[in-house]
Every structure is written in structure tokens, then in C-alpha cells.
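Results of the structural survey
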Amino acid sequence: MGPWRPLRPLFLDRAHYTQVADVSLRLMRLVLEACRRRARTAGELRDVLRVPPERLPLMHGSEPLDDSLLIAARPDLVYRAGRPMFVEFNIDGSLGGTLQADILARRFRDLFQPLAPELELIAPDSAVDSRFSVIRPSLGLSEGDRVAIPVFRRGAAPGLEEPKAFLDWLAPMCDSGRRHGLDTVACTMDELRADDAGRLSLDGRPVDAVFRLFLALDLPPGPGRAALIRAVQADRVRMHTSEATWLLTDKTTLAWLWADRPLLPAADRELIERYVPWTALLGGEDAGAAAAVRDALDRRAELVLKPAGGYGGSGVVLGPAVSDPEWQAAVRRAWEGDEPHVVQRFVIPDRVRLDFSHETTGAVEQAEVPFVVGPFLFGGRPSGVLVRHGVPGSGLVLNAHHGARMNSVVLVDGPC
């Protein structure tokens, strides 16, 4: 993650935190409704989004598109002139960063409260505990049911590539699960076993549910992967969350919000136009597809190109950061390729001035850096905030695998 550590959190007005949660909940609902206008089941939605079935081996195609899909979410917000803009909307159980958000918020609150005794500094509700408070009722689990949290090396956050380090890191999650009455155990993926009937087990004991902290497309081949797929397809284990939730995260859904505005009440139209940057599916088979691509080619400085089903910043091309030939080549590759892409109005991000400490030398440097705010919502409840921001000398793609730093939020009453 680079040699720079932030020396403070972001301070956020508590009323604004609540407002962001309210807007997030309404936009989540609108995303689900947009999907329902185009599909009745998860399998139909997968086909509409052109997602190959092999990318979602843990999903049942017959699963209905119901409210249970909204159990876990974390939008990505970029601020422009003080207004939050929802550039992506992650609706899925594999959301990372809850532990980081909790730990950093508490530590920074405890550090800064004595320095500002006239203010009440508040750490948001624990994202880890809020998540486990919904896992048990949403999956219909009973007291003492066993929940496995399987991990694997590929795609692990920086510093957690070794299985033991990852398992040790997950100890607070296991503790939270136990506080909520669940026998929660972290394990490596290949420790899972499934019998011929699909019953999943760990260390010879039955597993009632799996906490999915991963995307199935990242799963490496192995006996654990095969066991989990067999158990899920046989309906012998429950999972937080169903892999169908990942379909709602597809960036095509933001393009649908803009396309469906004429169908919506005025208040919802205004909500989309105010908080979601203009987004459109690149290409397609209708008569206007070629015109849409020509339009994208001509608007490099205004747009960002994103793989519709991508994550982690991979494949993102910022129009203002590349030359005309580079942009034109990227748009044409996206249009002609098999993977759907969207173009989105580029939000010129506000920046925040932070002090950073160099991990090796101890030197302190101040920089104005772009940032992304990711408020967690579990069961509709706002719970913790993951912040990703740049460091001295970094670029605009803000992801841990691209050098961004994770941070958190401390709440205050009043502007900050």
C-alpha cells in the first residue's frame, strides 16, 4: 500500500451521514426495481447483463429478485463541490473493509477526543457487528449454528496474502459472530468438504452457512471450491449473501437508472440526476448504439470508461488522464469486445488536505488527495464508513491494489 500512513481520519457531520444513508437506501431500491423491469429471476438478469454462467457458479438461476438481495451494500461516493456522487453501488455480501473501518474509527476517535474536548467525537456503529446482526435472521440460523468464513490467497488485500495472516485478521469477525449466537470459524477454502449429498463440513463437523467474503470468479480451482459449489447447488448450505446480489452491483444498473427516468416519479428522477453521474451502456444492438459510441469518442475529457462487471479499479480508463488516441482505442476495444462496458460522466473529485507519515523515515508530509467514501448498510442500517484516499504522489484510481490508503470516518455534530 506504499510507505505513507494518514495521521487523521475524515470528519463527517452526523446529519450528513444520516442523509447519505437515506439516499443510499432509496437508490438501492431503485436499482432493484430497474432490474425487475428487465428480469424476473437471477438467471434472467444474468443473461440480460451478458454475464457468462460460469462466472457465477454459486448462483441459482431460479432465485427471485426480491428484497433479500438488499441485505448488504456499500456505495462508492466521490464528492464534487461538497455533493456526494454515487459513482458505483456495491450490493453484495463480499464487501471488504468492515474491519478496517471499525478499527480505524475507534482508534482515531480515542486519539482525537482529548485534543478537542469541546466536541463529541463519535465512531459510527460497528460495521462488523451490524453485519452479523443481519446474517442470523436473514439466513434463518439458530443458536449455535456453524458459520464458516473461508479464505484463499488470490485477491487478498495487501498484507493478507498468507492464509495464516488472513485467518488471524478475521478473529474479530469470528468473535462478533459468536456474540450473535453463531459458532463462527475462519478457515482456508480447501479445508471445506462436501459429501455426495452436498452436505458441507469443516473438520468433520457440519457447516450450516458460509460467509462469502469473496467473488466466485476469484476462486482458484481446488477441492474446497468444488465442495462449496456442490453444497450450494444442492441447497445444503446457506450463504451470506447469495451470489445473485453481485448482479445488482453491475454498473449497467446505473445506466438503467438514467434510461428509466421517464418511468419514475419526479422525486426519484431528481434523486438520480442529483446524486448519480450520467451513465450509459456502451454499444448494444439497437439503432442508436453506433451513435452512442461516436458520442463517447468525442467526449473524452468528460467521461470515464468502466467494465460493467469489473471491480477493484481494473480496466477503468479516465478520459481526462489519457490522450485522444488512447481514449479512442480504449472505447473501440470496449465496444468490439465481449465484456460490456459503461461510460460515465467523470466527477472531478474534491480533495482533502491530510498529513501523512512515512513508514520508513518518519517524515511527515502534507498533501491534498482525492478520496472515496463508502458507507456500509446492513439490513438498511448505516454502519461504519470505509474511506479510500490517495497519498502523496498517487493518481486518481482509488483502490488498495492501486496504492490507495484505507481510512475511516469519525462523526461530529455540525459542519466540519
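Shown above is the structure to which this text applies.
Residues numbered from 1 in each chain as written. Predicted model: local features only at pLDDT ≥ 70, side-chain atom pairs only at ≥ 80, totals over all residues. Heavy atoms only, no water.

**Some details on the sheet that holds strand β6 (residues 183-188)**
As summarised here, the arrangement of the four strands in space is β6-β5-β10-β11, forming an open sheet in which the pairing is parallel. Of all strands in the sheet, those bounded by a partner on one side alone are β6 and β11 (238-240). The average undirected angle you get between the axes of adjacent strands in this sheet is 25°. As defined by bridge partners, strand β5 (residues 146-151) adjoins β6 across six bridges and the pair is classed as parallel. The residue bridging Val147 from the neighbouring strand is Thr184, located in β6. (Pairing = 2+ DSSP bridges. Helix = DSSP H or I, 4+ residues; strand = E, 2+ residues; numbered from the N terminus. Axes fitted to C-alpha atoms, helices over the stretch in contact; angles between N-to-C directions.)

**Some details on the packing of aromatic side chains**
Under the counting rule described, the total for this entry stands at seven aromatic pairs. Taking 5.8 Å as the distance between ring centres and 20° as the angle between the ring planes, the aromatic pair formed by Phe86 and Phe89 counts as stacked. Measuring from centroid to centroid gives 5.5 Å for Phe132 and Phe211, while their planes differ by 85°, and the two rings are edge-to-face. You can see Phe132 sitting in helix α4 (residues 127-139) and its partner Phe211 sitting in strand β10 (residues 209-211), a full 79 residues away along the chain. The exposure classification of Phe132 matches that of Phe211, with both residues buried. Among the aromatic residues, ring-to-ring pairing joins Phe11, Phe108 and Phe112 into one connected group. The lysine or arginine in question, Arg299, covers the ring of Trp278, its NZ or CZ lying 4.8 Å from the ring centre. (Phe/Tyr/Trp six-rings, centres within 6.5 Å; stacked < 30°, edge-to-face > 60°. Buried < 20%, exposed > 50% of the residue type's maximum accessible area, 1.4 Å probe, protein only. Lys NZ or Arg CZ within 6 Å of the ring centre and 35° of its normal.)

**Some words on the pairing of strand β3 (residues 72-80)**
Most of β3 is tucked away, with eight of its nine residues classed as buried. Sheet analysis places β3 next to strand β17 (residues 364-378), joined by three bridges and oriented antiparallel. By the bridge assignment, Leu77 is partnered in β17 with Val373. The pairing of β3 with strand β4 (residues 83-90) spans seven bridges and is antiparallel. Bridge pairing links Asp76 to Glu88 in β4. Once β3 ends, the chain turns through two residues before running back antiparallel as β4, passing Ala81 with a positive phi of about 55°.

**What to know about the sheet that holds strand β15 (residues 341-345)**
What the four strands build is an open sheet, ordered β12-β15-β13-β14; its pairing is antiparallel. Strand pairing shows two members of the sheet lacking a second neighbour, β12 (279-281) and β14 (317-318), which therefore form its edges. Helix α12 (residues 324-336) contacts β13 (303-307), β14 and β15 of the sheet and is inclined by roughly 35° relative to β13. (Contact = heavy atoms within 4.5 Å.)

**Things to note about the packing of α4 against helix α6 (residues 171-179)**
For the pair α4 and α6, interaxial distance at closest approach is 9 Å and the crossing angle is 45°. Judged by the inter-axis angle, α4 sits oblique to α6. Considering the relative orientation of α4 and α6, their crossing is right-handed. Listed contacts from α6 to Val128, Asp129, Arg131 and Phe132 of α4 are Pro172, Met173, Ser176, Gly177 and Arg179. Its residues placed into classes, the contact of α4 with α6 shows four nonpolar, two polar and three charged. (Parallel < 35°, antiparallel > 145°, perpendicular 65-115°, else oblique. Left-handed = near helix turned anticlockwise from the far one by under 90°. Nonpolar A, V, L, I, M, F, W, Y, C, P; charged D, E, K, R; others polar.)

**Focus: helix α9 (residues 252-259)**
Helical geometry: 3.6 residues make up each α-helical turn, so side chains three or four residues apart lie on a common side. Along α9, seven of the eight residues are buried, which leaves the element largely enclosed by surrounding structure. For α9, every residue scored as buried is listed here: Thr252, Thr253, Leu254, Ala255, Trp256, Leu257 and Trp258.

**Description of the packing of helix α1 (residues 14-36) against α9**
For the pair α1 and α9, interaxial distance at closest approach is 9 Å and the crossing angle is 90°. For the element pair α1 / α9, the angle class is roughly perpendicular. Along the contact surface, α1 presents Leu27, Leu30, Val31, Ala34 and Cys35, while α9 presents Thr253, Trp256 and Leu257.

**As for the pattern of salt bridges**
Scanning all chains against the criterion turns up 29 salt bridges. With a closest N to O distance of 2.8 Å, Asp76 and Arg388 form a salt bridge. Pair noted here: Asp76 is in strand β3 and Arg388 is in strand β18 (residues 381-389), with a separation of 312 residues, a long-range link. Note that Arg205 and Asp183 form a salt bridge whose closest N and O atoms lie 3.0 Å from each other. Within this pair, whereas Arg205 is found in strand β9 (residues 205-206), its partner Asp183 is found in strand β6, the two being separated by 22 residues in sequence. Since its relative accessible area comes to 43%, Arg205 is described here as partly exposed. (Salt bridge = Lys/Arg side-chain N within 4 Å of Asp/Glu carboxyl O.)

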